[in-house]
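Observations on chain architecture
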Amino acid sequence: MKIGALTPGLVITELMTRPYDGDPAGLARAKRVFNILGDRVETVTPWLADQVLANTKSGVVINWLTPAKAAWRFATARFNQRNLFDD
């Protein structure tokens, strides 16, 4: 048995947006950060599954949104406009 941790980062789901039901202004503010740090389930899940299946060690932390990736996203947010809420 292998034991470790999965850290997907900020994944855009109803769980993230539900607290803003009835608060469109709050959701609009939150979307700015969600669009910088967030990812879609369809992007993160296959990568995490592949990493879990490839892992051979116990105690491994499988980290999608690393501190370096988060910093890069903030640094380039002005130039790399993302909209995770469009279909």
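In this report, the structure presented in the accompanying data block is examined. Nothing here was measured: the structure is a model prediction, and the numbers come from that model. (Residues numbered from 1 in each chain as written. Predicted model: local features only at pLDDT ≥ 70, side-chain atom pairs only at ≥ 80, totals over all residues. Heavy atoms only, no water.)

Pairing of side chains with opposite charge becomes possible as their charged atoms draw close. Applying the stated criterion to the full structure yields three salt bridges. Between Asp 39 and Arg 73 there is a salt bridge whose closest N-O contact spans 2.9 Å. With a gap of 34 residues between them, Asp 39 in strand β3 (residues 39–40) and Arg 73 in helix α4 (residues 67–76) connect regions that are remote in the sequence. Residue classification places Asp 39 among the buried residues on the basis of a relative accessible area of 5%. The partner of Arg 82 in a salt bridge is Asp 39, with the nearest N and O atoms 3.0 Å apart. Linking Arg 82 in the segment after α4 with Asp 39 in strand β3, this pair joins segments that are 43 residues apart in sequence. One salt-bridge network, held together by shared partners, links Asp 39, Arg 73 and Arg 82. (Salt bridge = Lys/Arg side-chain N within 4 Å of Asp/Glu carboxyl O. Helix = DSSP H or I, 4+ residues; strand = E, 2+ residues; numbered from the N terminus. Buried < 20%, exposed > 50% of the residue type's maximum accessible area, 1.4 Å probe, protein only.)

Next up on the list: empty space enclosed by the protein. Under the counting rule described, the total for this entry stands at one cavity of 30 Å³ or more. Here the largest cavity defines a volume of roughly 40 Å³. For the largest cavity, the full set of lining residues is Asn 35, Ile 36, Arg 73, Thr 76, Ala 77, Asn 80 and Arg 82. Secondary structure elements with two or more residues in the lining of the largest cavity: α2 (24–37) and α4. In the lining of the largest cavity, the residues fall into two nonpolar, three polar and two charged. (1 Å grid on protein atoms, 1.4 Å probe; cavity = no way out; pocket = protein on both sides within 12 Å on 5 of 7 lines; lining within 4 Å. Points joined across faces, edges and corners; volume = space filled by probe spheres on them. Nonpolar A, V, L, I, M, F, W, Y, C, P; charged D, E, K, R; others polar.)

Bringing the nonpolar core into the picture now. Counting 10 residues, the largest nonpolar core consists of Val 11, Ile 36, Leu 37, Val 44, Leu 48, Ile 62, Trp 64, Leu 65, Ala 70 and Ala 77. Of all elements in the fold, only α2 and α3 (41–54) reach the threshold of two or more residues within this core. Those residues within four positions of Ile 62 in sequence are excluded, and the remaining contacts are Ala 5, Leu 6, Thr 7, Trp 47, Leu 48, Gln 51 and Val 52. (Core = buried A, V, L, I, M, F, W, Y, C linked by side-chain atoms within 4.5 Å. Contact = heavy atoms within 4.5 Å.)

To continue, consider the packing of aromatic side chains. With the rule as written, the count across this model stands at three aromatic pairs. With a centroid separation of 5.2 Å and 70° between ring planes, the pair formed by Trp 47 and Trp 64 is classed as edge-to-face. Of the two residues, Trp 47 is situated in helix α3 and Trp 64 in the loop between β4 (61–63) and α4; the sequence distance between them amounts to 17 residues. The class for Trp 47 is partly exposed, based on a relative accessible area of 31%. An aromatic cluster is built from Tyr 20, Phe 34 and Phe 85, whose rings are joined through pairwise contacts. Lying over the aromatic face of Phe 85, Lys 31 brings its terminal NZ or CZ to 4.7 Å of the ring centre. The aromatic ring of Trp 64 is capped on one face by Lys 69, whose charged end is 3.7 Å from the ring centroid. (Phe/Tyr/Trp six-rings, centres within 6.5 Å; stacked < 30°, edge-to-face > 60°. Lys NZ or Arg CZ within 6 Å of the ring centre and 35° of its normal.)

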